[in-house]
Structures are given as structure tokens and as C-alpha cells.
Amino acid sequence: MYAYDELDRTLINERVSEFRDQVKRRLSGELTEDEFKMLRLQNGVYLQLHAYMFRVAIPYGTLSSKQMRALARVARRYDRGYGHFTTRQNIQFNWIKLAELPDALADLAEVGIHAMQTSGNNMRNVTSDQWAGVAPGEVEDPRIWSEILRQHTTLHPEFSFLPRKFKIAITASEHDRAAIKVHDIGLRLYKSAEGETGFEVLVGGGLGRTPFIGKTIKPFVHGRDILSYVEAILRVYNQYGRRDNIYKARIKILVHELGIEKFAREVEEEWKLMGDVGLTLDHSIIEEVRSRFSYPAYDKLPHMPDELKQAAHDPLFERWRRNSVFPHKVQGYSIVTLSLKPVGGPPGDATADQMDAVADLADKYSFGEIRVGHEQNLCLPHVAKRDLPQLWKALDRLGLATPNVNLVTDIIACPGLDYCSLANARSIPIAQELTRRFANHDTAELIGRLHINISGCINACGHHHVGHIGILGVEKNGEEFYQITIGGRADEGAQMGTLIGPAIPYAEVADVIEDIVEAYLALRDRPEELFVDAVKRLGVEPFKERVYATR
Amino acid sequence: MTSPLQQKIKITGPSMVTANRTWDGVVIYRTAQQGWSANLSDAAIVRTSDEARTLLGEATADDVGAIGAYIAPVELEDGGAIKPGNLREHIRSEGLTIDLLPVPA
């Protein structure tokens, strides 16, 4: 956990007071909506179809049990008793009243949570691996660097009015769980051959209407220089990024139009011109931030405790353990993913009661700590293996032990037309129907790892481009249609999926996905060949033929 | 930002003006009495582009009470009942189309 200092607490509290005054002036008519809009967006407040939506940041996906209870309280007191965890380590409340928002912000500020820069053309929440600090083989905890970037860019005047929003993700593991290649800047922390800690810097990734995989702009930037190098990138973007056309304003368009070599030269030149502007991170600064992260005092525990051996006789427990429990860097402990994808439920939603219960379980079994991943699931990062059977029983009672992590029903979905004012089509009912079609866990296990991502419009909040199967809602003559792509992936081998053919109507989507999965089962060369690997080997044609032959 | 009133307005069938209430965001409809109602059945119906422009002008003039006013199509049933003219307005009027709690097959 990271402990905010007095400066952070003052900043957050002052922001609440400021917003309270702005809301008061808006409601009295002193501020027009045109004047108020940017102010509310800078505090994470959007207007959606039915109500205001309030987006709260969960920096690098880390929450304390106390903070989770505060989110539950906001859901219960100011909303309709639930919240939606997003693909960028935020939580959204869908029914909040503008008049009550300052009180909700004040409640969150008490536990160090805020909504600053969760919207607007600025640096958004710096995201990271939800397993940060506990993943085996990790170079070091990437959240330290996320926090350094967060501190530097929060309310930074130079980065508060960028051409467009700007997103950074950081990983420190070989396997990328933070989707760094589809971010404006992706940072991969590693140790050089000389043993120095630094970053591979990728730039220009992103989804939306013009998707790009990020390109490596510099293979190694020393850790001490990362702040100045990121600032150089932002300065070049701020200077050359387009402000005349919202659809061409993201850095990915600039990188694409200039070419990565020219863009890299511009950044290099800017970096040299900047000289020493006080952004070099000396050891003491890094250690100061590191020291504010607290880590559990782990016990020395056996690799295979008796409790786990006994529970292994229960096939339901074993199925869950096999699916949702992952190795921890400390012997005797595990990382446990809590699926927010129950059969027939909205992906990523949690009720206030579930949030409170997860907070209690975190206190009991995970040193009071909870993580949020971009796949819209939660995670308890420090669970003693001996506690797994008891934890499973508790999670099962809460509906949080669906053994479908990374399987076909672990669907990423945006809120879609049920909530969102930008959407063209619904996402959630498509996801709900698919989870019912593939509800049989034996079948899901047989299929193996398969990520379905659904977006209700081209803005791609559901990351459809990088789903093994991507589903994009479009509108045709007032009807909902869906384009299907296959072969995308968001990990270290990130790539965009390929469109298989004409869009299909709402009522046929689940049938089409079943056809694609059946084709895969018939075509894979061995059970271990994942769907995405089969598509890579075979191309889209066999799947296209299966889908459209009878349609 | 272009004001809704500066945009070209052309309607092809019966329409209404809708927005969200400023203080709580609730979906509201402009009435013929120059006010707002949370019931679609109270909405003023316009049939020409000029009428639509006038109604939208009245609506956007109320910057304190409403936010994001725009023109949307409706369907009029034989008995005069007003129905939303597209899926988006159906969802705004009738609410979510989804189950909030898990509903297995």
C-alpha cells in the first residue's frame, strides 16, 4: 500500500472544496454549462444517458480495505448500490446526482481517493500490473514509478491542456498484464545487461477509431532519467499534436504521421535542449517514494500446507484453485483473482455489499489489500495458501468465485448503450447472453484461454481490437449490428484483430461466437493450442467460412 | 463548441426535445407549457423543422434547469400515446435493458 503524505491530503481536500464551490455556482446559475463542463470533467464527472457518471481513480489498481469500504459507501449512499470497474483501473458510478457529488468526493478524500484527471485532456490515471510487487520474476515493483509519474503530472500546468487525453501504463514483468502496447506511452521496466534498472519506452499505442500498437522509441532509458524523458515526449506532443481535429489529436496520430524515427529524433532533441531541469531522479527521491509503499510481513509458510491437500479432494474447490489462484513470489502465498464475471451478470460490476465483503476478506486474508485489473476483475494479492479453502467458500457465497478467469466468459465489456451517451449499440446484454451460452465450466475449460472484448462504439472502451474475439457495436439504419474481429491480443505480443466480414444483427451475435468457437475446437491441432494461436496459424478464412456459409 | 441552435435542424417526423435535469441528471422532456417533465407522455410534439428549432431554443435558454438539450424522434400511437423513436431514447425513457444481478440461463 502507498501512504499519502500531508501534501497529497491537502491537495485532495482543497480540490473537494474547490469543486463544492463550482457545483454551488453551477446550480445557482452563476456558471453556465459551457463554463462548468471542463471543471466537472477535470473531476471525473460525465453526463451519460440517464444521469451523471462519476469516475474515480484507483492509482495503479491498488486499494486498501478502508478505501474499498469508502467506495461501497459512495455506491450505497449516493448511487444505486453498485459500481463498475473499468479497463483502466477506475471505478464508475452511474447514477450520481450533481448536487451530491461534492459530498461523495469528500467521503472519498477521507481515505485518500479522488477523481482528479479521470477525464479531460490531461494525464490520466497511470496504470500498472495488478500483480505488481507480488508477481514472481518481476524486476521490481512498477508502482513506485507509476507513483513518481502520478506525482509529477498531477495538476501540472504544462500537461493540463494537452491536445487530447494521455494514458501511461507500466509493467515490470516478462508477461504484460497492463496492456502497455496500447497506451500513449508504455513503459517496460527491466534490468540491462550491465545490471542497471531502466525502461523500454513505447509510444503511440492506442485503440479507438484509429488503433495502433505502440512502437519502441528508445530501447533503454535509465530509471533516473525516466521523468525527463517522458516530459520530453509530452513537450513534443504538446507542441506538434493536432488541436484542430479531435479525431487526429492523440499522440498515436502524430507518431504515425511523422514516423517513429522522426518523432524519436524530435524527442531526443527536446530532451537534450531541456538539459538539467531538475527532473533527474536521484536515489534518495526514488527511495523516498519506495519507502511510502508498505509491504506485508509475510510468515514463513510451507509450499503445500495440509489445508490445501485436504481441500484438493473437493472438485469444485480444485476447479477454482486451478483457474483463479496464481503463484506468488513468496513461498506459501498465492495471488487470488476474484471474478466479477458471474454467469448472466454485467462484466465488472460489484455491489456495495460485495465491496464491503471483499474489504472484510482482504483484512482477514490479504493484509488489507485489494487490486483491480484492467480485465475488470479484482484480486487479493497476498493470500496464505492454507487460507485458500476458507476464502473460496466465502467468495462462493458472495458470487465472486466463478472459475472463469481468462476463459471465454471472462468478458471485457464497456457500459455500452445501456448507459453511455457515445455508444451506438449495447455491450452488456451481449456479454450476459454469451456467459449463459458458455456457462458450462467443463466446456469453458475445454476451450481454454479465450478473451472476448466488447465495445458499444468505435471509441473502444471495451478494447475490442485486442480481444482474441472482438465485438464492436455499430448502428445501421437504427438497428444494432456488430462487427466481429478475431486474433487480437493485448499482452506482450499485442496485435489488432482482423475483421471477419460484414456486421451481424444483435440477435445473431451469440450464435456467431458459438460458431467461431466450434470451428476453433474442430481446427486446433492439439488441445493446448490456444484460440489466438490457431487464428495466427490458420488465418481468418476458416472462421469466416464457418460464420458466413449459412448466413 | 457549436451551439445546438447553430446546427442545421431537419426533422423527418414527429419529434420532441429532451435533456437531463441539471441538479441530478434525470432524463427530462420539454413540455408545451415551457417547462420540463420527467414523463415522455408530457413532451411537446413538433412536426416541422421550424417548430423544432423554436422548441430547442426555449429548452437551451434554460441553462440552469437542464443540460444537453437535443431533438429526438418519437412515434405517435393511434390513441395519441408518445413512444420513443429509437433505441437510445427507448433506453433513456424506459431504463436499462439488462439484468443488474446475475441471471443464469
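Residues numbered from 1 in each chain as written. Chains lettered and ligands numbered in written order. Predicted model: local features only at pLDDT ≥ 70, side-chain atom pairs only at ≥ 80, totals over all residues.

A short note on the overall build of chain A
Part 1 of the reasoning: Along its length, chain A carries 18 helices and 21 strands.
Part 2 of the reasoning: Over its C-alpha trace chain A gives a radius of gyration of 23 Å, about what one expects of a compact globule, namely 24 Å for 551 residues.
Part 3 of the reasoning: C-alpha atoms of chain A, sized along the principal axes, occupy 60 × 60 × 60 Å.
Part 4 of the reasoning: Buried positions account for 54% of the 551 residues belonging to chain A.
Part 5 of the reasoning: Taking as baseline every contact in chain A between residues at least 6 positions apart, the subset at least 24 positions apart corresponds to 68%. (Helix = DSSP H or I, 4+ residues; strand = E, 2+ residues; numbered from the N terminus. Rg over C-alpha atoms; globule rule 2.2 N^0.38 Å. Buried ≥ 20, exposed ≤ 12 C-beta atoms within 10 Å, placed from the backbone. Contact = placed C-beta atoms within 7 Å.)

Considering the overall build of chain B
Part 1 of the reasoning: A tally of regular secondary structure across chain B gives 2 helices and 5 strands.
Part 2 of the reasoning: Going residue by residue from the N terminus, the α and β elements of chain B occur as β-β-β-α-β-β-α.
Part 3 of the reasoning: Each principal axis of the C-alpha distribution contributes one length, and for chain B these read about 50 × 35 × 25 Å.
Part 4 of the reasoning: Across the 105 residues that make up chain B, the buried fraction comes to 30%.
Part 5 of the reasoning: Partitioning the contacts of chain B with sequence separation of at least 6, the portion at a separation of at least 24 is 56%.

Points about the interface of chain B and chain A
Part 1 of the reasoning: Taken together, the contacts link 27 residues of chain B with 30 residues of chain A.
Part 2 of the reasoning: Put simply, the parts of the chain that give the side of chain B that touches chain A at least two residues each are β4 (66-76) and α2 (87-94) of chain B.
Part 3 of the reasoning: It is α2 of chain B that contributes the most residues to the side of chain B that touches chain A, 4 residues altogether.
Part 4 of the reasoning: Residues of the side of chain B that touches chain A, tallied by class, amount to 16 nonpolar, 6 polar and 5 charged. (Nonpolar A, V, L, I, M, F, W, Y, C, P; charged D, E, K, R; others polar.)

With respect to the sheet that holds strand β6 (residues 127-128) of chain A
All names here are of chain A.
Part 1 of the reasoning: Read across the open sheet, the 5 strands follow the order β6-β7-β8-β9-β10; overall the sheet is mixed. Each edge of the sheet is formed by a strand with only one pairing partner; in this case those strands are β6 and β10 (215-222).
Part 2 of the reasoning: Of the strands in this sheet, β8 (185-191), β9 (197-203) and β10 touch helix α6 (residues 226-240), which is tilted by about 10° from β9. (Pairing = 2+ DSSP bridges. Axes fitted to C-alpha atoms, helices over the stretch in contact; angles between N-to-C directions.)

Thoughts on the sheet that holds strand β3 (residues 62-64) of chain A
Residue and element names in this part refer to chain A.
Part 1 of the reasoning: What the 5 strands build is an open sheet, ordered β3-β14-β15-β12-β11; its pairing is antiparallel. Looking along the sheet, the strands with just one partner apiece sit at the ends: β3 and β11 (325-327). Each adjacent strand pair in this sheet contributes to an overall mean axis angle of 35°, direction not counted.
Part 2 of the reasoning: With 5 bridges joining them, strand β12 (residues 333-338) and strand β15 (residues 378-384) adopt antiparallel strand pairing. Bridging across to β15, Ser334 finds its partner in Val383.
Part 3 of the reasoning: In the packing of helix α12 (residues 352-365) onto the sheet, the strands contacted are β12, β14 (369-372) and β15, and the crossing angle to β15 comes to about 25°.

Notes on the pairing of strand β2 (residues 27-30) of chain B
Residue and element names in this part refer to chain B.
Part 1 of the reasoning: Pairing geometry for strand β1 (residues 15-21) and β2, over 3 bridges, is antiparallel. Following the sheet pairing, Thr18 is matched in β2 by Tyr29.
Part 2 of the reasoning: Linkage of β1 to β2, two consecutive antiparallel strands, is achieved through a turn of 5 residues, within which Gly25 is found at a positive phi near 85°.
Part 3 of the reasoning: Pairing of β2 with strand β3 (residues 36-37), which is carried by 2 bridges, proceeds in the antiparallel orientation. In the sheet register, Arg30 faces β3, and the bridge partner there is Trp36.
Part 4 of the reasoning: Once β2 ends, the chain turns through 5 residues before running back antiparallel as β3, passing Gln34 with a positive phi of about 60°.

Topic: the nonpolar core
Residues and elements named next belong to chain A.
Part 1 of the reasoning: In this structure, Phe54, Ile233, Val358 and Ile516 are the most contacted members of the largest nonpolar core, which totals 185 residues.
Part 2 of the reasoning: Ranked by residues supplied to this core, first place goes to α6 with 9 residues.
Part 3 of the reasoning: Setting aside chain neighbours within four positions, we find Phe54 in contact with Gly44, Val45, Gln92, Phe93, Ile96, Leu101, Ala104 and Ala115. (Core = buried A, V, L, I, M, F, W, Y, C linked by C-beta atoms within 7 Å.)

Overview of the environment of Glu375 of chain A
Residue and element names in this part refer to chain A.
Part 1 of the reasoning: Mapping Glu375 onto the fold places it in the loop between β14 and β15.
Part 2 of the reasoning: Judged by local crowding, Glu375 falls into the buried class, with 26 C-beta atoms found within 10 Å.
Part 3 of the reasoning: When the C-alpha atoms of Glu375 and Phe159 are compared, they prove to be 28 Å apart, with 216 residues separating the residues in sequence.
Part 4 of the reasoning: For Glu375, the contacting residues outside a window of four places in its chain are Asp410 and Ile412.

Overview of the packing of α12 of chain A against helix α13 (residues 388-398) of chain A
All names here are of chain A.
Part 1 of the reasoning: One way to put it is that α12 packs onto α13 with a least axis distance of 11 Å and a crossing angle of 175°. In terms of axis orientation, α12 runs roughly antiparallel to α13. Seen from α12, the contacting residues are Gln354, Ala357, Leu361 and Tyr365; seen from α13, they are Leu391, Ala394 and Leu398. (Parallel < 35°, antiparallel > 145°, perpendicular 65-115°, else oblique.)

Quick word on the confidence of the model for chain B
Part 1 of the reasoning: When pLDDT is averaged along chain B, the result is 93, and 93% of the positions lie at 70 or above.
Part 2 of the reasoning: As a predicted assembly, this complex carries a pTM of 0.96 together with an ipTM value of 0.93. (pLDDT = per-residue confidence, 0-100.)

Topic: the domain arrangement of chain A
All names here are of chain A.
Part 1 of the reasoning: Entries for chain A in the domain assignment read domain 1 (6-109), domain 2 (142-291), domain 3 (306-398) and domain 4 (412-548).
Part 2 of the reasoning: For domain 3 versus domain 4, the distance between C-alpha centres works out to 27 Å.
Part 3 of the reasoning: Domain 3 puts 9 residues into the contact, and the matching count from domain 4 is 9 residues.
Part 4 of the reasoning: When the residues that make up the side of domain 3 that touches domain 4 are grouped by side-chain class, the tally is 3 nonpolar, 3 polar and 3 charged. (Domains from an automatic or database assignment.)

Things to note about the pairing of strand β19 (residues 479-486) of chain A
Residue and element names in this part refer to chain A.
Part 1 of the reasoning: With 8 bridges joining them, strand β18 (residues 469-476) and β19 adopt antiparallel strand pairing. Of the residues in β19, the one forming a bridge with Ile469 is Ile486.
Part 2 of the reasoning: The turn joining β18 and β19, which pair antiparallel and follow one another in sequence, is formed by 2 residues; a positive phi near 50° is taken by Asn477.
Part 3 of the reasoning: Sheet topology places β19 next to strand β21 (residues 504-505); 2 bridges connect them, and they run antiparallel. When the sheet's bridge partners are listed, Tyr482 is paired in β21 with Ile504.
Part 4 of the reasoning: Sheet topology places β19 next to strand β20 (residues 498-499); 2 bridges connect them, and they run antiparallel. Residue Thr485 lies in a different strand from β20, and its bridge partner there is Leu499.

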